[in-house]
Structures are given as structure tokens and as C-alpha cells.
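Residue strings, one per chain:
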Amino acid sequence: MKNTFVDSILPFQIDDKNLRGRFARIDKLASDTLKNHRFPDKVCKLLFEALLLTALIGEMIKIRWRLSLQIRGNESIKLLATDYYAPKSEGKPANLRAYADYEKEAKHLNLDTGLFAITIDQGKNTEPYQGITPIIEGSLIKSAENYFFQSEQIKTFFDLNITKKHSAKNGRNWIASGFMLQALPDEHDKKYIDDDTWNILKERIIEETKYSMSTEFNQYRFLDDIFQNNTLTVFKETKLKFGCSCKRKTLINTLSKYPKEQLEEMCDKQKNISANCQFCGRKFQFSLKQILDCHEV
């Protein structure tokens, strides 16, 4: 039976252990993210790790608008940037986008040191929150776990699996899954999970998620195999899709803030200014007159 759990994220909680978690699986979203880019495999893998972390954290926090993840490296991989836009209404998909910047001539692509930053923006009339932690041992997973330990003192575990399908058709070459588990802190509660049980669960998750790429994968049986005799509550899944927020109006308003002299330096011989969206590759072109007219409004 063909698996229908693709480009989706499934929330759940373990009632008798004060545990909550998310499981995500992406397929078409991966190919749509790369559609207008030619990233090396190492960059693709890291970008999908960042994309999965963004989706898992964004859904866990119940973002009302946007959660952004930026990894700024000090090595040959300079930037990994992702955005998670919350569903606009019940039953609608969450939109994600991702972009990478790296040294094109580098012989070895490394991300050993740098900063891991999460920005939470809940929309109008709210102040965005940003949390920053160093990249831990070149690992995005360890960096994300450290972020939650520092900011909320919540025991958090991530497991990510990313595979390239060399025989795939229609350019859908990558498939990935991500698991997030959190133990809510309450040492005086009988539901509080001890370190030994926590480590056993982590090992079971790592073992079981090896099979999450299968076409016959069943997400409910998968969770039952991990948590076994615990009381498991599974909530409605959220669909995930590629979506970019770039808009012609927003870009021309941004350009209109530049001085006329600087805009003239950006122009080509036809007095036009071109710009590309780094995320989706969409190309925009404006005449100098259009921008100056907007400047005067």
C-alpha cells in the first residue's frame, strides 16, 4: 500500500509520561525547494536538516505567523536560511522556504563553527523574539537541542534522516523525515521521565526512523512501535508545501527607500533595475521611473 503521509507533520503527546513530539516527512517539498537552485549534495543535506528543524519547531511552538532559522557559518558554508509560515486557517498547509549561500570554489564544504539563530514573529502588533546559540560540533541537531536547553530548560531530542533517491523521476531526488521529542519539566510529577527511560526512547526512535522512508510506511504504527505501552494521543496532521512570500510591491517599496543616486548606479543601460528572490528564484524588473514614482507617493 502506497504511503500517503508525505509533506506532512504529525503532532502527538504521551499522556502518562509528560512527553510531546512531532514527526515530519517531506518529499515534493524537497524538490520544490531546490527547483531553481543547483546546490551540491552536502549543501542540500544541511539545508533539508534546517528545513525539517524549522517545520518541527514552528509547529511545536504554534506559530501564528512566521518562524525563521538562520545558520551563519564561519567556514565555506556561509548561510542556511529557512522560513516556516503558519497555516492561514484550519486545514490549510504551512508554507516553507529555504536558501543556502556557500563558497562556490571551496574544495571542502564545512559548517563547524558559527551561530544558530531562531526568530519567532507572531505578526502585527508583536515584538519578534530571537534566540541565538553557537553551532555545536558542526551539528544542527545538537545546536537545536542546545537552543531549547538554554532558552527553556526543556529536554529535547531530534532525529533527522535525509536520503537522495538516485533513480527518482521528475526531479524528486530527495526524501527526508524528522522527529522531535520533548520532556516537559516537572520533577515532582509522577509523569516525569527519568534519564534511563529517556535514553531508551531515543535509541528506539533512531532505530525505527531508519525505516521511515519506505513507501509502505505507516505513521501510526511507527509511533506505536516507539512508545509501545504508553498512552499515546495523536492529533490532526498539518500539510507542508513550498511557499515564498516575495512580492513585487514589497520589493519596489524597499528599493524606493534608496537615494536616487544609488538607484541610478544599480540601473542597466535601459534604466531598469533587476532583482531575484534568493529563495524561489523569481525575477523582478523595475524601471527607474517606477521606483522614483513610488518614492514620491
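Reading guide: rules and limits
- Residues numbered from 1 in each chain as written.
- Predicted model: local features only at pLDDT ≥ 70, side-chain atom pairs only at ≥ 80, totals over all residues.
- Heavy atoms only, no water.
- Helix = DSSP H or I, 4+ residues; strand = E, 2+ residues; numbered from the N terminus.
- Buried < 20%, exposed > 50% of the residue type's maximum accessible area, 1.4 Å probe, protein only.
- Contact = heavy atoms within 4.5 Å.
- Polar contact = N/O pair within 3.5 Å; in protein donor to acceptor, adjacent residues only side chain to side chain.
- Phe/Tyr/Trp six-rings, centres within 6.5 Å; stacked < 30°, edge-to-face > 60°.
- Axes fitted to C-alpha atoms, helices over the stretch in contact; angles between N-to-C directions.
- Left-handed = near helix turned anticlockwise from the far one by under 90°.
- Nonpolar A, V, L, I, M, F, W, Y, C, P; charged D, E, K, R; others polar.

Enquirer: Tell me about unusual backbone geometry, residues and numbers included.
Expert: With glycine set apart, most residues show a phi of negative sign, and most peptide bonds adopt trans. Unlike most non-glycine residues, Asp7 shows phi in positive territory, near 50°. Within the secondary structure, Asp7 sits in the segment before strand 1 (8-14). Owing to a relative accessible area of 10%, Asp7 belongs among the buried residues under this scheme. Even without being a glycine, Asn125 presents a positive backbone phi close to 65°. Looking at the secondary structure, you find Asn125 in the loop between strand 6 (114-121) and strand 7 (129-134).

Enquirer: Kindly report on the environment of Glu49, identifying the contributing residues and their values.
Expert: In this fold, Glu49 is placed in helix 2 (residues 41-61). A C-alpha to C-alpha distance of 9.8 Å links Glu49 and Ser139, two positions 90 residues apart in sequence. Filtering out sequence-adjacent residues up to four positions away, Glu49 remains in contact with Leu140, Leu160 and Ile162. Of the polar contacts made by the side chain of Glu49, one reaches the side chain of Lys45; its length is 2.9 Å.

Enquirer: Describe in detail the packing of aromatic side chains, supporting the description with residues and values.
Expert: Counted under the stated rule, the structure contains 16 aromatic pairs. Their ring planes at 75° and their centres at 6.1 Å tell us that Phe39 and Tyr102 sit as a pair that is edge-to-face. Placement of Phe39 in the loop between helix 1 (28-34) and helix 2 and of Tyr102 in strand 5 (residues 94-102) is noted, with a sequence separation of 63 residues between them. A residue is classified by how much of its surface remains accessible, and Tyr102, at 9% relative accessible area, is buried. Ring geometry for Trp65 against Tyr85: centres 6.1 Å apart, planes inclined by 70°, an arrangement best described as edge-to-face. Placement of the pair is Trp65 in the loop between helix 2 and strand 3 (66-73) and Tyr85 in strand 4 (residues 77-85), with a sequence separation of 20 residues. The class of Trp65 is partly exposed, set by a relative accessible area of 36%. One aromatic cluster is present, formed by Phe5, Phe12, Phe23, Phe179, Phe217, Phe222 and Phe227 through successive ring pairs.

Enquirer: Could you give me a rundown of the packing of helix 4 (residues 195-208) against helix 5 (residues 219-227), with the residues and numbers involved?
Expert: Viewed as axis vectors pointing N to C, helix 4 and helix 5 meet at an angle of 145°, and their least axial separation amounts to 9 Å. Between helix 4 and helix 5 lies a crossing whose hand is right-handed. Residues Leu201, Arg204, Ile205 and Glu208 of helix 4 form the contact with helix 5, whose participating residues are Phe222, Asp225, Ile226 and Phe227. Residues belonging to the contact of helix 4 with helix 5 are distributed by class as follows: five nonpolar, no polar and three charged.

Enquirer: Account for the environment of Tyr192, naming residues and giving values.
Expert: Note that Tyr192 resides in the loop between strand 9 (174-183) and helix 4. Its relative accessible area of 28% is what places Tyr192 among the partly exposed residues. Sequence-wise, Tyr192 and Asn18 are 174 residues apart; in three dimensions their C-alpha atoms are separated by 6.2 Å.

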